[in-house]
Amino acid sequence: MKVLLTGSKGQLGSCFQDRLPAGWKIWATDSDVLDITDLSAVRAAVANFQPNIIVNAAAYTAVDKAETEHELAALINKVGPENLAVAAKEVGARLVHVSTDYVFDGTASTPYIETDVTNPLGVYGLTKLDGETAVAAVQPEAIIIRTAWVFSEYGNNFVKTMLRLAKERDTLSIVADQRGCPTYAGDIAQAIIDLLQKNVSGGVYHFCGDKEVTWNEFAQSIFSIAVCKGRLSSSPEVKGISTDEYPTPAKRPAYSVLNCDKINAVNIDRSHWVNALDVIICKI
Ligand SMILES: NC(=O)c1ccc[n+]([C@@H]2O[C@H](COP(=O)([O-])OP(=O)(O)OC[C@H]3O[C@@H](n4cnc5c(N)ncnc54)[C@H](OP(=O)(O)O)[C@@H]3O)[C@@H](O)[C@H]2O)c1
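Rules used in this analysis
Residues numbered from 1 in each chain as written. Predicted model: local features only at pLDDT ≥ 70, side-chain atom pairs only at ≥ 80, totals over all residues. Heavy atoms only, no water. Helix = DSSP H or I, 4+ residues; strand = E, 2+ residues; numbered from the N terminus. Expected span 1.5 Å × (residues − 1). Contact = heavy atoms within 4.5 Å. Near = heavy atom within 4 Å. Polar contact = N/O pair within 3.5 Å; in protein donor to acceptor, adjacent residues only side chain to side chain. Areas by Shrake-Rupley, 256 points an atom, 1.4 Å probe, with all protein chains shown as cover. UniProt positions renumbered as here; feature names shortened; annotations may be inferred. Axes fitted to C-alpha atoms, helices over the stretch in contact; angles between N-to-C directions. Parallel < 35°, antiparallel > 145°, perpendicular 65-115°, else oblique. Left-handed = near helix turned anticlockwise from the far one by under 90°. Nonpolar A, V, L, I, M, F, W, Y, C, P; charged D, E, K, R; others polar. Salt bridge = Lys/Arg side-chain N within 4 Å of Asp/Glu carboxyl O. Buried < 20%, exposed > 50% of the residue type's maximum accessible area, 1.4 Å probe, protein only. Pairing = 2+ DSSP bridges.

## Brief notes about helix H7 (residues 215–228)
For step 1, the next point in the chain: End to end, H7 covers 20 Å across 14 residues, agreeing with the expected 20 Å (1.5 Å per residue, within 8%).
For step 2, the next point in the chain: Structurally, H7 contributes buried residues whose contacts are with strand E6 (150–151), helix H5 (158–168), strand E7 (171–175), strand E11 (213–214), strand E12 (237–241) and helix H9 (273–280).
For step 3, the next point in the chain: Of the residues flanking the end of H7, it is Gly230, one or two places downstream, whose phi is positive at about 75°.

As structure tokens, then:
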């Protein structure tokens with residue numbers, strides 16, 4: 001396999017490089033090397049490298065900031081993936097694109113399947129959904145993976161924020177009425193590799209962690225593992241608050257659990273996020 005990776009310095013991009021199978025050739029690019037919003041640069045890079053796979057780990061992921069940066073978010077999350085799909089098609093490469101649980105409005109009470117109706121509540125989710133649609137229109141055989149609540153030893157994420165706050169405060173108030181599935185970026189990277197090796201058919205696949213929690217419960221898991229591993233001397237007191245008590249610029253779905261039966265059917269397991277957290281917490 002000859003893979004062009006975008007967003008190489010992000011959480012997923014970094015984990016993907018760590019897991020690259022032997023014999024796969026990669027050109028790992030980040031925004032400083034290849035700006036995915038620049039169609040002519042994307043075309044030139046793809047024509048020059050001639051990949052058979054393009055993995056798009058690049059994205060605008062600042063959920064709250066997106067509310068005031070709609071144009072930039074749309075450029076990176078919609079136009080960027082579309083550019084990659086166009087360039088991929090020109091050289092016969094297959095695109096793997098990554099999307100989000102925030103394409104849903106969270107009014108469901110059972111896990112979302114791939115064909116459920118989307119209705120993003122915020123600009124980030126909307127631009128990611130537009131990206132999915134644009135990619136699928138240009139390249140129906142593209143693989144689109146929707147994932148959720150991503151964490152890793154790299155970049156910025158909830159786990160790192162919690163560990164920092166635990167050192168600064170004795171008590172933390174964390175939202176206890178939004179449910180989702182934490183997902184380790186390393187497991188997403190491995191799922192992408194497995195999907196490519198199995199040469200699955202194109203379309204949307206849901207992939208997320210195997211245990212649904214609230215942000216509050218996720219924080220408590222982080223603290224108990226961190227204390228157990230000696231990463232924190234003690235856990236802060238964790239209070240539960242409602243979404244209304246923690247207003248943010250972007251509305252978030254109250255329930256964004258993804259049903260992973262489709263990806264499970266090709267023998268790819270969900271992310272065992274507690275195990276992953278246990279391993280990476282000391283690397284943070
Ligand atoms: N993080 C989550 O909780 C979460 C949840 C659900 C789904 N997802 C999806 O999962 C995927 C991976 O997320 P992540 O957490 O790994 O993201 P991340 O850590 O924020 O990394 C995103 C990367 O994209 C790069 N990038 C931004 N604009 C670019 C451009 N114009 N051209 C090229 N590269 C650009 C960034 O580089 P710079 O730093 O140089 O800008 C950064 O390295 C994304 O599609 C995201 O939407 C994430």
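## Details of the site of the ligand
For step 1, the next point in the chain: The full set close to the ligand counts 25 residues, and Asp30, Ser31, Thr61, Tyr124 and Lys128 are the nearest of them.
For step 2, the next point in the chain: Within the contact set of the ligand, an oxygen atom lies 3.2 Å away from a backbone nitrogen or oxygen of Gly10.
For step 3, the next point in the chain: Between an oxygen atom of the ligand and a side-chain N or O atom of Ser31, the distance comes to 2.5 Å.
For step 4, the next point in the chain: When the ligand is considered free in solution it has 910 Å² of accessible area, and contact with the protein chains removes 79% of it.

## Brief notes about the UniProt feature "domain: RmlD-like substrate binding" (unreviewed entry) in the protein
For step 1, the next point in the chain: Under the feature "domain: RmlD-like substrate binding" (unreviewed entry), the UniProt entry names residues 1–281.
For step 2, the next point in the chain: Between the C-alpha atoms that bound residues 1–281 the distance is 32 Å, and the span itself is 38% helix and 17% strand.

## With respect to the packing of helix H3 (residues 70–91) against helix H4 (residues 123–138)
For step 1, the next point in the chain: Two elements in contact, H3 and H4, have axes whose closest approach is 8 Å; the angle formed by their N-to-C orientations is 15°. As judged from the angle between their axes, H3 and H4 are roughly parallel. Here H3 and H4 pass one another in a crossing that is right-handed. Side by side, H3 and H4 meet where His70, Ala73, Ala74, Asn77, Lys78, Pro81, Glu82, Ala85, Val86 and Lys89 of the first sit next to Val123, Tyr124, Leu126, Thr127, Lys128, Asp130, Gly131, Ala134, Val135 and Val138 of the second.
For step 2, the next point in the chain: Grouping the constituent residues of the contact of H3 with H4 by class yields eleven nonpolar, four polar and five charged.

## Some points on the pattern of salt bridges
For step 1, the next point in the chain: In this structure the tally under the stated criterion is ten salt bridges.
For step 2, the next point in the chain: Its salt-bridge partner being Arg252, residue Asp64 comes within 3.0 Å of it at the nearest N-O pair. Of this pair, Asp64 sits in the loop between strand E3 (53–56) and H3 while Arg252 is found in the loop between E12 and helix H8 (261–264), placing the two residues 188 residues apart along the sequence.
For step 3, the next point in the chain: On the accessibility criterion, Arg252 (21% relative accessible area) is partly exposed.
For step 4, the next point in the chain: Across the pair Glu168 and Arg164 runs a salt bridge whose closest N-O atoms are separated by 3.7 Å. With Glu168 and Arg164 both in helix H5, this residue pair falls four residues apart, about one helical turn.
For step 5, the next point in the chain: Its relative accessible area of 44% is what places Arg164 among the partly exposed residues.

## Here's the deal with the sheet that holds strand E4 (residues 94–100)
For step 1, the next point in the chain: With parallel pairing, six strands are arranged side by side in an open sheet as E2-E1-E3-E4-E5-E10. In the strand order of this sheet, the two ends are held by strand E2 (25–28) and strand E10 (203–206), each with one partner. Averaged over neighbouring strand pairs, the angle between their axes works out to 20° when direction is ignored.
For step 2, the next point in the chain: Against the sheet, helix H1 (residues 11–18) contacts strand E1 (2–6), E2, E3 and E4, and its axis sits at roughly 155° relative to E1.

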